[in-house]
Amino acid sequence: MPEATVDDNGGAGDHAEIWNKERLRCREVINSTSRYIVFINLDDKVRWETTRQFDRVRTSDERHSVVDHDAIVNNCTLLLAAPREGLSPEVWREYQMLLGQALTCCLKNDYVNGAAILEGGRQFMRARSEERSRFWYLSASGVSTLPPLVLGLLLWAGRDFVERVLGSDFLWLAMAATLGSVGALLSVILRSGKLNFDSFAAKRLHYLEAGSRIVAGAISGMLVAFAVKYRIVLGGLTADPGMMNGIMMLGALVGGSGERLASSIISTFEGAKVDIAERPVSAR
């Protein structure tokens, strides 16, 4: 991790007589000379300030490039807009230190190293943001699965009463929805290494997307259970009535784990509706 440094260019020390830290709202100095200061302010954002003499001398310096200077400053400003939500103070400080070191190189006319450090800061933030995004998404998926799982366990514990009051079909469809949501959670966990995370999306969007996926899994589970019950799919495995409920639950678990199976079942339903519509009605 980059450490704060004091450049002796133009004099040693922290140059307190030049830089009024209270006015600058300075929390931590990254680099300080008699000509410029790069620091982290009380809002935990990297800032910099230069003397008028330094600005005048720098414009006549052959090493100074307005294009390269503006490129680093503009990119740094863009990176400073990165969302901080969910990042620890330590991670955010490391990120600000990297940006501050890039600005220091820029003020020294060392644009090559400044651009390299800036790119390192960009990659550092992207990696930390993706870690944050992955955590939000997985935790949101788990939290979203908890209510249907608890409800399913309660229904199963009182299945005799539920069957008497609401009927057997309701019980098994409710269990199918529960297993569909669990299947969706398993799918999220198994594919978490392959999912593309929007590292700069807000926390609420992660929870919305994860919750929507779990709800879709529950609906897919019920859809598969319907298809199995009426032998639209897996009809050969349900010839034995004693296996019907078990196949329904297994199908619901698998159906909740992906949208492809649900899509194929919807297509099967559409084909079945066409067959029924075209079938001639027998006279009675």
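On a predicted model such as this, the values are computed, not experimentally measured, just so you know.

Undergrad: What's the story with the pairing of strand 4 (residues 46-50) in this structure? I'm lost.
TA: Look at any regular strand and the pattern is simple: side chains alternate between the two faces of the sheet. Direction of pairing for strand 3 (residues 36-41) relative to strand 4: antiparallel, over a ladder of 5 bridges. Across the sheet, isoleucine 37 pairs through a bridge with glutamate 49, a residue of strand 4. Linking two consecutive strands that pair antiparallel, namely strand 3 and strand 4, is a turn of 4 residues; a positive phi of about 60 degrees is found at aspartate 44 within it.

Undergrad: Help me understand the packing of helix 5 (residues 111-157) against helix 8 (residues 203-229), please; the structure alone is not making it clear to me.
TA: Relative to each other, helix 5 and helix 8 sit at 45 degrees, their axes nearing to 8 Å. When the interaxial angle is binned, helix 5 and helix 8 end up oblique. The handedness of the crossing between helix 5 and helix 8 is right-handed. Of the residues in helix 8, those in contact with Ser133, Trp136, Tyr137, Ser139, Ala140, Ser141, Ser144 and Thr145 of helix 5 are Lys203, His206, Tyr207, Glu209, Ala210, Gly211, Arg213 and Ile214. Residues of the contact of helix 5 with helix 8, tallied by class, amount to 6 nonpolar, 7 polar and 3 charged.

Undergrad: Honestly, the pattern of salt bridges in this entry has me stumped. Any pointers?
TA: Evaluated as defined, the whole model comprises 7 salt bridges. Among the ionic pairs, arginine 93 bridges to glutamate 28, the shortest N-O distance being 2.5 Å. Taken together, the residues arginine 93 in helix 4 (residues 89-107) and glutamate 28 in strand 2 (residues 26-32) connect sequence positions 65 residues apart. For arginine 93, a relative accessible area of 25% gives the class partly exposed. Across the pair arginine 84 and aspartate 44 runs a salt bridge whose closest N-O atoms are separated by 3.2 Å.

Undergrad: Could you clarify how one ought to interpret the nonpolar core in this entry?
TA: By size, the foremost hydrophobic cluster in this structure holds 27 residues, and its most contacted members are Val38, Val46, Cys76, Tyr95, Leu99 and Leu118. Breaking this core down by element, the ones donating at least two residues are strand 3, helix 3 (66-80), helix 4 and helix 5. Examining the composition of this core, we find that 10 residues originate from one element, helix 4, more than from any other. Contact partners of valine 38, with chain neighbours within four places excluded, come to Val29, Ile30, Asn31, Val46, Arg47, Trp48, Gly100, Leu103, Thr104 and Leu107. With 15 residues, the next largest nonpolar core counts Trp172, Leu173, Ala174 and Met248 among its residues.

Undergrad: Quick question: what am I supposed to make of a nonpolar patch on the surface here?
TA: Side chains of Phe161, Val165, Leu166 and Phe170 sit close together on the surface and give an oily, nonpolar patch of about 410 Å² of accessible area. It is helix 6 (residues 159-166) that provides the largest number of residues to the nonpolar patch, a total of 3 residues. Tracing the sequence through the fold places phenylalanine 170 in helix 7 (residues 168-190).

Undergrad: Got a minute to help me understand unusual backbone geometry in this structure?
TA: Excluding glycine, residues mostly carry a negative phi; peptide bonds, for their part, are mostly trans. Despite not being glycine, arginine 25 shows a phi value in the positive range, around 55 degrees. Looking at the secondary structure, you find arginine 25 in the loop between helix 1 (21-24) and strand 2. You can call arginine 25 partly exposed: its relative accessible area is 35%. Despite not being glycine, asparagine 109 has its phi angle at roughly 65 degrees, a positive value. Among the secondary structure elements, asparagine 109 is positioned in the loop between helix 4 and helix 5.

Undergrad: Would you take a moment to explain the side chain of histidine 64 for this structure?
TA: With respect to the helices and strands, the residue histidine 64 is situated in the loop between helix 2 (52-59) and helix 3. Of note is the side chain of histidine 64, whose polar atom sits 3.0 Å from the side chain of tyrosine 111. Here histidine 64 is in contact with Arg58, Thr59, His69, Asn109 and Tyr111, once residues within four sequence places are set aside.

Basis of the calculations
Residues numbered from 1 in each chain as written. Predicted model: local features only at pLDDT ≥ 70, side-chain atom pairs only at ≥ 80, totals over all residues. Heavy atoms only, no water. Pairing = 2+ DSSP bridges. Helix = DSSP H or I, 4+ residues; strand = E, 2+ residues; numbered from the N terminus. Axes fitted to C-alpha atoms, helices over the stretch in contact; angles between N-to-C directions. Parallel < 35°, antiparallel > 145°, perpendicular 65-115°, else oblique. Left-handed = near helix turned anticlockwise from the far one by under 90°. Contact = heavy atoms within 4.5 Å. Nonpolar A, V, L, I, M, F, W, Y, C, P; charged D, E, K, R; others polar. Salt bridge = Lys/Arg side-chain N within 4 Å of Asp/Glu carboxyl O. Buried < 20%, exposed > 50% of the residue type's maximum accessible area, 1.4 Å probe, protein only. Core = buried A, V, L, I, M, F, W, Y, C linked by side-chain atoms within 4.5 Å. Patch = residues over 30% accessible without salt bridge, like charges linked within 9 Å, V, L, I, M, F, W, Y side chains within 5 Å. Areas by Shrake-Rupley, 256 points an atom, 1.4 Å probe, with all protein chains shown as cover. Polar contact = N/O pair within 3.5 Å; in protein donor to acceptor, adjacent residues only side chain to side chain.

From the geometry alone we can't say anything about function, so treat these as descriptive.
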